[in-house]
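# A structural walkthrough
Residue-level listing of the chains:
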There are 2 protein chains.
Amino acid sequence: MADPIPIIGGTGALGYGLALRWGRAGIPVVIGSRDAARAEEAAGKVAAAVNGAEVEGFENGEAAARGPIAFLTVPFRAQSETLNNLRAALTDGQLLVDCTVPLAAAVSGKATRTLGVWQGSAAQQAQEMVPDGVTVVSALHSVGAPMLSDLDHEMDEDVLVCGDKKADKARVAELIEAIPGLRAINAGALETARIVEQLTPLLISINVRHKAHAGIRITGLPDGSDW
Amino acid sequence: MADPIPIIGGTGALGYGLALRWGRAGIPVVIGSRDAARAEEAAGKVAAAVNGAEVEGFENGEAAARGPIAFLTVPFRAQSETLNNLRAALTDGQLLVDCTVPLAAAVSGKATRTLGVWQGSAAQQAQEMVPDGVTVVSALHSVGAPMLSDLDHEMDEDVLVCGDKKADKARVAELIEAIPGLRAINAGALETARIVEQLTPLLISINVRHKAHAGIRITGLPDGSDW
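First things first, this report covers the structure right here in the doc. These numbers come from a predicted model, not from an experiment.

## Section: the overall build of chain A
Assigned secondary structure in chain A consists of nine helices and nine strands. Relative to a compact globule of 227 residues, whose C-alpha radius of gyration would be 17 Å, chain A shows 16 Å and is just as compact. Dimensions of chain A, computed from C-alpha atoms along their principal axes, come out at roughly 40 × 40 × 40 Å. In chain A, which comprises 227 residues, the proportion classed as buried is 57%.

Here is the structure:
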């Protein structure tokens, strides 16, 4: 029986899309929100959309404690506050998968531009803020929430995963690849999130020009799993 | 009859690979180097490798004047000096395609990291340095020189093109797509080069981990040419 996946900020577009996809893949999901009632409501929507989905909704802290690999899908402007609030909830040995992107839109700038983050990237900021013993992995920045949420859409793209230990990235990759059409790629150390987080504004720039929902594929890799 | 393509720094790995590919595509190429003799030597190698290739070699300034769209393929540490030396050679209305990437390797750092460039990107630095009336377009950062130079290798990747005018980007795209297997994508304004230049260290990070020669594809775009 698979461990449940806590999705912190799971009422937002990316988190909700992931909940739908994992729900359909038979993996239990726990949606977190600042507001427990909103989390329960989102869980109800997932259950209604996906026959047999195992999904519950709780306040973020309670949600985070429900599984060993939690996903953080809040907007960048809420990242620090959310991590502060999670300090007591996250536990030694847990993985936190940071999906936030420091778009300039967080401070009313453009979504095709990013903010400079003191630590280098949102993921590195997260690593600085989590309790000792919690490890941050960075992933899922370039997957479009509208495409995830449209269950009739067949996903067809790569997810670049950054982190300092391959074994941690491999555990996250397994969850990502439980969603059909997504391939997880080992993109490097956590510091490489500085680059990978920039793919989101790049794809937004491409989307605007092509009226599309673009994704990334890496070509030229050997066949077979890397993990 | 196609205009010749000047390749400034065409004795380097990327420039040489482009010369081979355009030579095979029947487009005349002018290889530029600081040293005219080295440029002639590289031109001779291209002519020997590709039956019927039209290729000449000149000192950079003389090469740059030979065609309306010049490609700058020098390493980042030589970019400013080269552009200073080209001031008298570049002319009103000319396009300069900047392919340089500010890898930290330029100052003995890692090839998986970049330097911060005051203007935001190497391409924006180039735009500041070229004479009035010369327009910079940014492209070809993520195409591996070893793959270009191996004429038995079938290219299979996208090239992200940044620039402030779509018409300029379209002219550059035509030259890029003259190389079979490359698709040019309108990635945004010149400032988006800040992101696109980061794809090179990202792919280097992926290459190291996968022992591969990785490239980029953008998924989810509508069929047909954008230009």
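## Topic: helix α9 (residues 199–210) of chain B
An α-helix turns once per 3.6 residues; consequently, residues spaced three or four apart project the same way. Residue and element names in this part refer to chain B. Between its terminal C-alpha atoms α9 stretches 16 Å, which fits the 16 Å expected from 12 residues at 1.5 Å a residue. Within α9 the residues assigned to the buried category are L199, T200, P201, L202, L203, S205, I206 and H210. Directly after α9, the chain includes K211, whose backbone phi takes a positive value near 50°.

## Quick look at the side chain of Q125 of chain B
Residue and element names in this part refer to chain B. With respect to the helices and strands, the residue Q125 is situated in helix α5 (residues 122–129). Within the structure, the side chain of Q125 is placed 3.2 Å from the side chain of S80, a separation counted as a polar contact. Once you skip the residues sitting within four places of it in the chain, Q125 turns out to touch F76, Q79, S80, V117 and Q119.

## A few points about the environment of G116 of chain B
Mapped onto the elements of the fold, G116 of chain B is located in the loop between β5 (95–98) and α5. G116 of chain B sits 76 residues away from E40 of chain B along the chain, and the two C-alpha atoms are 35 Å apart.

## Here we look at the pattern of salt bridges
Any two side chains of opposite charge can pair, given that their charged atoms come close. According to the stated counting rule, one finds 12 salt bridges over all chains in the structure shown. The closest approach of N and O atoms between E81 of chain A and R34 of chain A, which form a salt bridge, is 4.0 Å. Taken together, the positions of E81 of chain A in helix α4 (residues 79–86) and R34 of chain A in the loop between β2 (29–33) and α2 (36–49) put the pair 47 residues apart, joining distant regions of the chain. Assessed through its relative accessible area of 43%, E81 of chain A is described here as partly exposed. The partner of D156 of chain B in a salt bridge is R217 of chain B, with the nearest N and O atoms 2.7 Å apart.

## Digging into the packing of aromatic side chains
A full pass over the atoms with the stated rule returns two aromatic pairs over all chains. We note R66 of chain B situated over the ring of F58 of chain B; from NZ or CZ to the ring centre the distance is 4.0 Å.

## Considerations on the relation of the copies chain B and chain A
When chain B is brought onto chain A, the operation consists of a screw motion whose angular component is 180° and whose axial shift is 0.0 Å, with 0.0 Å RMSD remaining. What the rotation and shift describe, once combined, is the action of a two-fold rotation axis. Taking the C-alpha atom as reference, chain B places R217 of chain B closest to the rotation axis, 2.4 Å from it. When you check the interface residues of chain B against chain A, 100% turn up at the interface there too, and the contact is symmetric in its surfaces.

## Some details on the interface of chain B and chain A
Taken together, the 36 residues of chain B in the interface contact 36 residues of chain A. Roughly 2,700 Å² of surface becomes buried between chain B and chain A when both sides are summed, with 61% attributable to carbon and sulfur atoms. When the buried area of chain B at its contact with chain A is split by residue, I195, H210 and T219 of chain B rank highest and sum to 22% of it. In this structure, the connection of chain B to chain A is made through two salt bridges. Here chain B is connected to chain A by seven residue pairs in polar contact (both at pLDDT 80 or more). Among the elements of the structure, β7 (157–162), β8 (182–188), α8 (193–196), α9 and β9 (215–219) of chain B are those that each provide at least two residues to the side of chain B that touches chain A.

## Re α4 of chain A
Residues and elements named next belong to chain A. When we look at burial in α4, the residues that qualify are Q79, T82, L83 and L86. The buried side chains of α4 occupy one side of the element, clustering within an arc of 100° when seen end-on. The secondary structure elements touched by the buried residues of α4 are β1 (5–8), α3 (60–64), β4 (69–72), β5 (95–98) and α5 (122–129).

## Remarks on the environment of A49 of chain B
Residues and elements named next belong to chain B. Along the polypeptide, A49 turns up in helix α2 (residues 36–49). For A49, a relative accessible area of 46% corresponds to the partly exposed category. Sequence-wise, A49 and R24 are 25 residues apart; in three dimensions their C-alpha atoms are separated by 9.2 Å. Beyond its immediate stretch of four places on either side in the chain, A49 contacts L20 and L151.

## Some points on unusual backbone geometry
Apart from glycine, the bulk of residues carry a negative phi angle, and the bulk of peptide bonds sit in the trans form. Backbone geometry at K211 of chain A places phi at a positive 45°, although glycine is not the residue there. One can find K211 of chain A in the loop between α9 (199–210) and β9 (215–219). Take K211 of chain A: its relative accessible area is 77%, and that puts it in the exposed class. Positive phi, normally seen in glycine, also occurs at L140 of chain B, with a value near 70°. Looking at the secondary structure, you find L140 of chain B in the loop between β6 (135–138) and α6 (145–149). For L140 of chain B, a relative accessible area of 3% gives the class buried.

Definitions and limits used
- Each chain has its residues counted from 1, following the order in which its sequence is written.
- Written order decides the labels, with chains lettered from A and ligands numbered from 1.
- Whole-chain, interface and lining totals are the exception, using all residues; otherwise, since this is a predicted model, local features are given only for residues with pLDDT of at least 70 and side-chain atom pairs are given and counted only at 80 or more.
- Hydrogen atoms and water are omitted, and side-chain values are computed over all heavy atoms in the structure.
- Only runs of H or I of at least four residues qualify as helices and only runs of E of at least two qualify as strands under DSSP, and these elements are numbered from the N terminus.
- Computation of the radius of gyration draws on C-alpha atoms, with the globule rule given as 2.2 Å multiplied by the number of residues to the power 0.38.
- When a residue's accessible area, from a 1.4 Å probe over protein chains only, is under 20% of the maximum for its type it is buried; when over 50% it is exposed; and in between it is partly exposed.
- Expected span of a helix: the number of residues minus one, times 1.5 Å.
- Two N or O atoms form a polar contact when they lie within 3.5 Å of each other; inside protein one atom must be a possible hydrogen donor and the other a possible acceptor, and for residues adjacent in sequence the pair counts only when both atoms belong to side chains.
- Residue contacts follow a heavy-atom distance rule, with two residues in contact if any of their heavy atoms lie within 4.5 Å.
- A carboxyl oxygen of Asp or Glu within 4 Å of a side-chain nitrogen of Lys or Arg is what we treat as a salt bridge.
- Centre distance within 6.5 Å is the pairing criterion for rings of Phe, Tyr and Trp, where only the six-membered ring of Trp is used; planes under 30 degrees apart are then read as stacked, over 60 as edge-to-face, and the remainder as tilted.
- Each ring is checked for a lysine NZ or an arginine CZ that lies within 6 Å of its centre and within 35 degrees of its normal; such an atom marks a charge sitting over the ring.
- Alignment of copies: least-squares fit on C-alpha atoms of residues with pLDDT of at least 70 in both copies.
- Accessible area that two parts lose when put together, evaluated with a 1.4 Å probe and summed over both, is termed the buried area.
- Working note: the arc is built from the helix axis to C-beta atom directions.

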